[in-house]
Amino acid sequence: MDFSLTEDQQMFQKMVREFAQKELEPIAAQLDEEARFPTESYKKMAELGLFGVTIPEKYGGSGGDSVHLAIAVEEIARACGSTSTIYLASLSLACYPIYKFGTEEQKQRFVVPLAKGKKLACFALTESGAGSDVVALQTTARRQGNGYSLDGTKVFITNGAEADIAVAFATVDKSLRHRGITAFVVEKGTPGFSVGKKEHKLGVRASSTTELVFESCQVPMENRLGNEGEGFKIAMAAIDSSRISVAAQAVGIARAAFDTSLKYAQERQQFGQPIAKFQAIQWMLVDMATYIDAAQLLTYRAAYLKNQGLPFVKEAAMAKLFAAEAAMSITTKAIQIHGGYGYTKDYPVERYFRDAKITEIYEGSSEMQRMTIGKGILG
C-alpha cells in the first residue's frame, strides 16, 4: 500500500504551498480583521489555474483529480482559512455540479469562466428552516413562459456578496418533498435576484456569508440544471464531494496551529528552559501531530476512492467528522500552549481556533456526518 504522493502531486503541493506562504499568509490576519474579500489573491489564484483543479482543459480547467484538490485546499487553508472557504465553495460546491450534471452549453457558459477564475460562484441551498433538513426548503419555482419564476430566501450563503453565479435550489411542488426539488443556475443581474443581509461571523471572516433573495426571479429554461425533481440528487452529490474539501481545510488549519505551537514551544522560556522540554507540552504536541496525520490520511483515502469511481460517501463523512473535530481539539491546544498570548490577536492561534469551528458545521454538521456514517455501517 503506497501512502506517498506522486511526483506530479508533490510538485503541485510545492507550488501551492509556496504561493500560499508568499501571497496569502502575510495578509490573512488583516483580511480577517477587516472582513475583506481577498480580491488580489483571488486574481493570482486564477492565474495559477487553481480554480480549475479537477476540471478538464476542455472546459477551461487545469486538470488534476480529487487528491490535487485536497492538496490545494489544505495548503491554502494552512495560510488563510477564509481564502480556502471562498475557494472550495466556488469550485467544490458550485462549479462541480454544473460540470457533472450540466449540458454542454451550460458547461461552456458557466464552467469555463468559473474554472478560469473569471467568475465566482456560490451554492444556494440553505434556508432558515432548511439546514440539515434539506427537504424542508420553502423556495418555490413556478413554471412561467419559457422558464421559471423563483421566490424565496436563502441564508448562510458563502460567497453570496461577490458571486457572479448561484447554483440555487427550489421546489416545483412541496407535496413531492425531495422529488420536487430542482436546481437552477442564476446569474447576477437577473431581475428579482438580490443579496440580502451579510452575516458578521466568528471566523473565516474574509469570506462573505449572506442571504440571497429571490422575488419573482425570472430564470430561463436553459438555466435549469438537470431535470425537474433532480435537484436533491444534484445537491447531495455536490455536498458529498465537497466534504472531502472541508476535511482538507480542517487539516490545513490544524497544521498551521501545530506549526505555530511547535515553534512557540521551542522558543518560549519558563523555569530556565523552553516549554517544549516539559512533558505536559510535549504530550499536547504529540496528540496534535498524531491527529493531523490521521485526519490527512482519512481525507486522502476519500479523495482516492472518489478518483477511482468507488463508493466514497461514508469515507468522506468519516474524513470530515474526524478532521473537523481534530482541528477544534488542536486549535484549542494551540491556545493553551501559548497561554495568555494565545488569547490575544498578537498570535494567529486565536484566528485558527475561530476558523476551525465552521468545519464542524457546514457541508453537514458533525452530527449529520455521524448519521451518514451510521447508514453506511448499518446499511
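The structure presented is a predicted model; accordingly, all values stated were derived computationally and were not measured. (Residues numbered from 1 in each chain as written. Predicted model: local features only at pLDDT ≥ 70, side-chain atom pairs only at ≥ 80, totals over all residues. Heavy atoms only, no water.)

**Some points on the overall build of the protein chain**
Alright, step 1. Looking only at helices and strands, the protein chain has eleven helices and ten strands in total.
Alright, step 2. Relative to the 2.2 N^0.38 estimate, which gives 21 Å for 379 residues, the radius of gyration of the protein chain is 21 Å and therefore close to what a compact globule would have.
Alright, step 3. Counting only C-alpha atoms, the protein chain reaches 80 × 45 × 40 Å along its principal axes.
Alright, step 4. For the protein chain, the residues scored as buried account for 55% of the 379 residues in total.
Alright, step 5. Here the contacts in the protein chain between residues at least 6 apart in sequence split such that 75% fall between residues at least 24 apart.
Alright, step 6. By element, 54% of the accessible surface of the protein chain is carried by carbon and sulfur atoms, the whole surface being about 16600 Å².
Alright, step 7. Considering the protein chain, the positive charge centre built from 43 side chains and the negative charge centre built from 43 side chains are found 2 Å apart. (Helix = DSSP H or I, 4+ residues; strand = E, 2+ residues; numbered from the N terminus. Rg over C-alpha atoms; globule rule 2.2 N^0.38 Å. Buried < 20%, exposed > 50% of the residue type's maximum accessible area, 1.4 Å probe, protein only. Contact = heavy atoms within 4.5 Å. Areas by Shrake-Rupley, 256 points an atom, 1.4 Å probe, with all protein chains shown as cover. Lys, Arg positive; Asp, Glu negative; His and termini not counted. Charge placed at Lys NZ, Arg CZ, Asp CG, Glu CD.)

**A word on the packing of aromatic side chains**
Alright, step 1. Per the stated rule, a full pass over the model turns up eleven aromatic pairs.
Alright, step 2. Ring centres of tyrosine 148 and phenylalanine 184 lie 4.9 Å apart, and the angle between their planes is 65°; on these two criteria the pair is classed as edge-to-face. Of this pair, tyrosine 148 sits in strand β3 (residues 147-158) while phenylalanine 184 sits in strand β5 (residues 181-187), placing them 36 residues apart in sequence.
Alright, step 3. On the basis of relative accessible area, tyrosine 148 is assigned to the buried category, the value being 1%.
Alright, step 4. Residue classification places phenylalanine 184 among the buried positions, given a relative accessible area of 0%.
Alright, step 5. Ring geometry for tyrosine 341 and tyrosine 347: centres 5.8 Å apart, planes at 55°, overall tilted.
Alright, step 6. The residue whose ring lies beneath lysine 100 is phenylalanine 101, and the NZ or CZ to ring-centre distance is 5.7 Å. (Phe/Tyr/Trp six-rings, centres within 6.5 Å; stacked < 30°, edge-to-face > 60°. Lys NZ or Arg CZ within 6 Å of the ring centre and 35° of its normal.)

**Thoughts on the pattern of salt bridges**
Alright, step 1. On inspection of all chains with the given rule, the structure shows 22 salt bridges.
Alright, step 2. Salt-bridge contacts for arginine 255 lead to glutamate 74; the nearest nitrogen and oxygen are separated by 3.3 Å. Of this pair, arginine 255 sits in helix α7 (residues 231-267) while glutamate 74 sits in helix α4 (residues 66-79), placing them 181 residues apart in sequence.
Alright, step 3. On the basis of relative accessible area, arginine 255 is assigned to the buried category, the value being 15%.
Alright, step 4. For the salt bridge of lysine 357 with glutamate 360, the shortest nitrogen-to-oxygen distance reads 2.7 Å.
Alright, step 5. Looking at lysine 357, the relative accessible area reads 32%, which means it is partly exposed.
Alright, step 6. Residue glutamate 360 is classed as buried on the basis of its relative accessible area, which comes to 14%.
Alright, step 7. Among the ionic contacts, a cluster of salt bridges with common partners joins Arg17, Glu75, Arg78 and Asp259. (Salt bridge = Lys/Arg side-chain N within 4 Å of Asp/Glu carboxyl O.)

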